[in-house]
There are 2 protein chains.
Amino acid sequence: MLRKKPTTRPVTIDEVASHAGVSIKTVSRVMNREAAVRDSTRQRVLAAAKELNYKPNPAARSLASNRSYFVAMVYDNPSASYLLDFQSGALEACRERGYSLLLQPCDYQSPQLLEELVTLVTERGNPGLVLTPPLSDLSDVVEQLDKLGVKFVRVAPVDPEHPSPYVAVDDRAAAYDLTRYLIDMGHKRIGFIKGHPHHGASQARFEGYRGALRDRGLSFDKTLIVQGFFSFDSGEQCGRTLLARKDRPTAIFASNDEMAAGVLHIAHELQIDVPSTLSVAGFDDTPVSRYTWPSLTTIRQPVEAMAKSVVGTLIAVMRDERKKDQSKGTLFPYELVIRGSTGPFGR
Amino acid sequence: MLRKKPTTRPVTIDEVASHAGVSIKTVSRVMNREAAVRDSTRQRVLAAAKELNYKPNPAARSLASNRSYFVAMVYDNPSASYLLDFQSGALEACRERGYSLLLQPCDYQSPQLLEELVTLVTERGNPGLVLTPPLSDLSDVVEQLDKLGVKFVRVAPVDPEHPSPYVAVDDRAAAYDLTRYLIDMGHKRIGFIKGHPHHGASQARFEGYRGALRDRGLSFDKTLIVQGFFSFDSGEQCGRTLLARKDRPTAIFASNDEMAAGVLHIAHELQIDVPSTLSVAGFDDTPVSRYTWPSLTTIRQPVEAMAKSVVGTLIAVMRDERKKDQSKGTLFPYELVIRGSTGPFGR
DNA sequence: AGCGGCGATGACAACGCTTTCAATACTATA
DNA sequence: TATAGTATTGAAAGCGTTGTCATCGCCGCT
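Just so you know, these numbers come straight off a predicted model, no measurement behind them.

Peer 1: An account of the protein's contact with DNA strand D is needed here, citing residue identities and associated values.
Peer 2: Around DNA strand D, the structure places 26 residues, and the nearest of them are Ile13(A), Ser28(A), Thr26(B), Arg29(B) and Thr41(B). The sugar and phosphate moieties of DNA strand D supply 62% of its atoms located within 4 Å of the protein. The separation between a phosphate oxygen of DNA strand D and a polar main-chain atom of Ser23(B) is 2.8 Å. Here a phosphate oxygen of DNA strand D and a backbone polar atom of Arg38(B) are 3.0 Å apart. Sorting the residues of the surface near DNA strand D by element identifies α2 (24-31) and α4 (58-65) of chain A together with α2 (24-31) and α4 (58-65) of chain B as the ones contributing at least two each. The element best represented in the surface near DNA strand D is α4(A), accounting for four residues. Grouping the constituent residues of the surface near DNA strand D by class yields 11 nonpolar, eight polar and seven charged.

Peer 1: Got a sec to walk through the domain arrangement of chain A? Specific residues and values, please.
Peer 2: Considered domain by domain, chain A is made up of domain 1 (13-56), domain 2 (65-169 + 303-334) and domain 3 (171-300). Averaged C-alpha coordinates put domain 1 of chain A and domain 2 of chain A at centres separated by 33 Å.

Peer 1: Help me get a handle on the interface of chain B and chain A, residues and values and all.
Peer 2: Each partner contributes to the interface: chain B provides 51 residues, whereas chain A provides 50 residues. Surface buried jointly by chain B and chain A totals about 4,400 Å² across both partners, of which 63% is contributed by carbon and sulfur atoms. Note that Asp233(B) and Arg290(A) form a salt bridge whose closest N and O atoms lie 3.2 Å from each other. In the side of chain B that touches chain A, the residues fall into 25 nonpolar, 14 polar and 12 charged.

Peer 1: Please give an account of the pattern of salt bridges that cites residues and values.
Peer 2: Residue and element names in this part refer to chain A. Inspection of every chain in the model, using the stated rule, returns 32 salt bridges over all chains. For the salt bridge of Arg-180 with Asp-177, the shortest nitrogen-to-oxygen distance reads 3.8 Å. Here Asp-177 and Arg-180 lie together in helix α8 (residues 171-184), a separation of three residues that amounts to about one turn. The partly exposed category is assigned to Arg-180, whose relative accessible area is 29%.

Peer 1: If you had to explain the pairing of strand β5 (residues 166-169) of chain B to someone new, which residues and values would you point to?
Peer 2: Residue and element names in this part refer to chain B. Alternating residues of β5 divide into Tyr-166 and Ala-168 and Val-167 and Val-169, and every residue in both groups is buried. With two bridges connecting them, strand β4 (residues 152-155) and β5 associate as parallel partners. Paired with Val-155 across the two strands is Val-167, which belongs to β5. Judged from the four bridges that link them, β5 and strand β11 (residues 329-332) form a sheet pairing that is parallel. By the bridge assignment for β11, Val-167 is matched with Thr-330.

Peer 1: Quick one: what's the story with the pairing of strand β3 (residues 128-131) of chain B, residue by residue and with numbers?
Peer 2: Along a regular strand, successive side chains alternate from one face of the sheet to the other. Residues and elements named next belong to chain B. Burial of the side chains of β3 extends over both faces: Gly-128 and Val-130 are buried on one face and Leu-129 and Leu-131 on the other. In this structure, strand β1 (residues 70-75) lies alongside β3, joined through four bridges in parallel fashion. Bridge pairing in β3 places Ala-72 opposite Leu-129. When β3 meets β4, the two strands line up parallel, connected through three bridges. Within β4, the position partnered with Val-130 by the bridge is Val-153. As for the winding sense of the linkage, the β-α-β connection from β3 through helix α7 (residues 139-147) to β4 is right-handed.

Peer 1: Account for the sheet that holds strand β9 (residues 279-281) of chain B, naming residues and giving values.
Peer 2: Residues and elements named next belong to chain B. With respect to topology, four strands assemble into an open sheet ordered β7-β6-β8-β9, the strand pairing being parallel. Edge positions in the sheet fall to β7 (225-227) and β9, since each of these pairs with one other strand and no more. Each adjacent strand pair in this sheet contributes to an overall mean axis angle of 15°, direction not counted. Note: strand β6 (residues 190-194) against β7, three bridges, orientation parallel. What sits directly across from Lys-194, in β7, is Gln-227. Against the sheet, helix α10 (residues 232-244) touches β6, β7 and β8 (251-254), its axis set at about 150° to β6. Its contacts with the sheet place helix α11 (residues 257-269) against β6, β8 and β9, and it is angled at close to 160° to β9.

Peer 1: Would you mind going over the nonpolar core in detail, with residue names and values included?
Peer 2: With 60 residues, the main nonpolar core has Val71(A) and Val71(B) as its most contacted residues. Non-local contacts of Val71(A), meaning those with residues more than four positions away in its chain, are made with Cys94(A), Tyr99(A), Ser100(A), Leu101(A), Leu102(A), Pro127(A), Gly128(A), Val130(A), Val311(A), Leu314(A), Ile315(A) and Met318(A).

Basis of the calculations
Residues numbered from 1 in each chain as written. Chains lettered and ligands numbered in written order. Predicted model: local features only at pLDDT ≥ 70, side-chain atom pairs only at ≥ 80, totals over all residues. Heavy atoms only, no water. Near = heavy atom within 4 Å. Polar contact = N/O pair within 3.5 Å; in protein donor to acceptor, adjacent residues only side chain to side chain. Helix = DSSP H or I, 4+ residues; strand = E, 2+ residues; numbered from the N terminus. Nonpolar A, V, L, I, M, F, W, Y, C, P; charged D, E, K, R; others polar. Domains from an automatic or database assignment. Contact = heavy atoms within 4.5 Å. Buried area = accessible area lost by both parts, 1.4 Å probe. Salt bridge = Lys/Arg side-chain N within 4 Å of Asp/Glu carboxyl O. Buried < 20%, exposed > 50% of the residue type's maximum accessible area, 1.4 Å probe, protein only. Pairing = 2+ DSSP bridges. Right-handed = clockwise from strand over helix to strand, strands pointing away. Axes fitted to C-alpha atoms, helices over the stretch in contact; angles between N-to-C directions. Core = buried A, V, L, I, M, F, W, Y, C linked by side-chain atoms within 4.5 Å.

This is the structure we're talking about:
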């Protein structure tokens with residue numbers, strides 16, 4: 001079967017120009033929404049473009065303008081559903097503005113990380129970058145990228161000091177609220193599983209937990225704190241540690257849903273009933289929180305909206321459209337979602 | 001803070017050429033691995049390129065060559081983790097060959113789907129397409145894309161009749177094996193939750209189930225079959241239907257993990273012990289299968305490897321490198337993964 | 001009427017690469 | 001040593017846009 005593919009050659013700007021009786025430059029102006037075009041002319045051009053179904057050639061565009069129509073999402077494997085939610089928000093922002101999203105998985109601990117990013121940027125026509133955690137906290141990388149003139153925004157940076165734009169949720173306050181909720185359910189011994197130490201949010205969540213204990217006058221017991229790594233496996237391990245003790249906690253707050261799922265697994269293994277004798281809470285409200293039994297009490301972050309917002313900002317930066325007075329960071333609201341995995345102790 | 005960004009202008013082919021003492025055409029040849037270059041020349045050029053850290057400008061490249069260095073993954077929300085696994089395999093294939101991956105979420109039922117895809121293709125410089133299920137089964141879309149000369153490959157098409165390349169797993173055989181395993185555990189009444197009717201795999205899995213019953217001489221009870229939609233919620237609903245019956249099944253085979261997770265939820269709600277009085281199995285071996293309690297018996301598909309392979313094929317097609325005698329489809333091996341959610345009836 | 005200015009438009013040169021085709025340098029052969 | 005043939009290389013013309021700068025009207029003001 002060797003039939004020749006038709007591959008209809010796309011319409012070019014020249015055709016639109018002659019069809020509308022103007023120069024290509026004018027068509028270009030119209031397509032780029034530049035101001036200095038008489039309204040009647042603009043209409044004529046738009047009509048011609050529409051009729052011919054003209055789509056500007058992106059390669060020619062970025063070659064000539066030395067501009068990029070790409071946003072690259074740089075990530076190192078945070079939770080899967082977080083990634084997907086984020087992607088979908090980012091895609092939405094890109095779609096609205098005619099940009100495309102590139103994916104750049106990477107190893108945040110690699111010594112060549114900066115080099116890889118620079119390669120990405122130069123190889124892919126200078127896209128803007130979205131740094132997701134924990135990359136958003138690598139201050140040297142941030143510094144260098146900035147120095148190199150790379151446009152980027154950060155997601156959930158622990159340290160908002162750098163002038164680049166970012167989005168985040170107040171992790172500390174969220175963890176504080178969740179902990180207070182547990183305390184208000186009557187829990188006095190609340191275990192805490194810390195998140196990955198290289199994620200800024202981990203520290204903030206821990207501080208929220210501690211703050212709530214303090215404010216409610218509960219003593220802080222260091223032995224109830226264990227170090228997790230945001231993974232299901234680490235959740236199991238930490239759960240085992242906490243639940244093996246004789247004076248085990250009556251509630252466990254895991255710094256994300258996957259670890260909470262791991263704790264639930266161990267609780268089942270040890271035949272500890274949840275929530276009657278153990279409450280378990282997570283963080284993030286990923287789909288995981290519904291798959292577990294019981295469903296997880298957790299904190300919902302509007303990940304998709306955050307992604308959309310921050311990518312929008314990035315594109316504005318790439319276009320130099322950003323008003324100077326615009327605030328560099330945006331905090332999004334979180335929400336405490338109460339499900340079956342938590343309750344008062346002893347029924 | 002108005003400091004000017006340095007934005008070091010990238011190295012161009014001209015600089016490499018003069019640095020190596022050759023014409024730009026020769027540099028171009030070397031960069032594109034064309035044959036007709038003396039070895040000594042090639043070395044000289046490579047050295048120069050390396051020294052200057054030359055990266056060909058992709059926009060210029062695709063403008064001049066009218067070729068695309070993009071692969072677009074077209075999907076309509078199959079399971080989240082499936083997507084991510086697929087992405088990561090696709091990215092790997094792209095990375096190896098210097099291509100970039102674009103994401104194109106879409107609505108497979110939209111009447112304008114074809115139009116949207118054509119827009120994508122023309123707007124984004126004619127990328128190759130990866131059609132994931134259920135898009136891979138829209139024969140009219142496939143037909144039209146082919147007619148338009150769009151290069152594409154399909155993932156898990158139910159109907160391999162079209163000559164475009166594809167990857168798949170033998171869903172029927174996998175479901176057959178899983179069902180036989182359940183039967184061999186002593187189950188005689190095995191409920192089946194069908195997958196989304198618009199996914200080709202659904203039918204194949206169902207046939208595998210039926211085939212195993214038949215071969216093992218078990219009667220086929222239509223009332224044990226319920227229609228799901230691959231979602232957790234539909235799993236719950238179907239689970240409720242099946243488990244509310246007096247003569248409820250002793251095992252339930254859900255056509256994917258999320259639905260199986262839903263069934264487990266209902267089992268817990270009804271205080272039906274798994275696996276002693278009910279076995280539950282899923283399909284896909286997504287991370288979900290580990291989060292549930294008990295962990296799910298399921299079928300593992302090498303999604304990432306499949307993605308990598310099919311994207312590799314796509315790129316070969318885009319480059320016209322594909323040997324004619326190459327088989328158009330590739331079947332990947334699946335694996336039965338036995339976990340805690342299944343066992344012999346009555347302990 | 002003459003002049004400065006500004007709004008609207010177009011001509012033409014990039015942008016960095018590939019393609020085409022011609023030119024040159026070899027190599028094997030007679 | 002000449003000769004054809006092949007391997008290697010390069011010059012120049014695009015590819016489809018945007019950037020720069022010149023041009024052309026037209027307005028208001030002297």
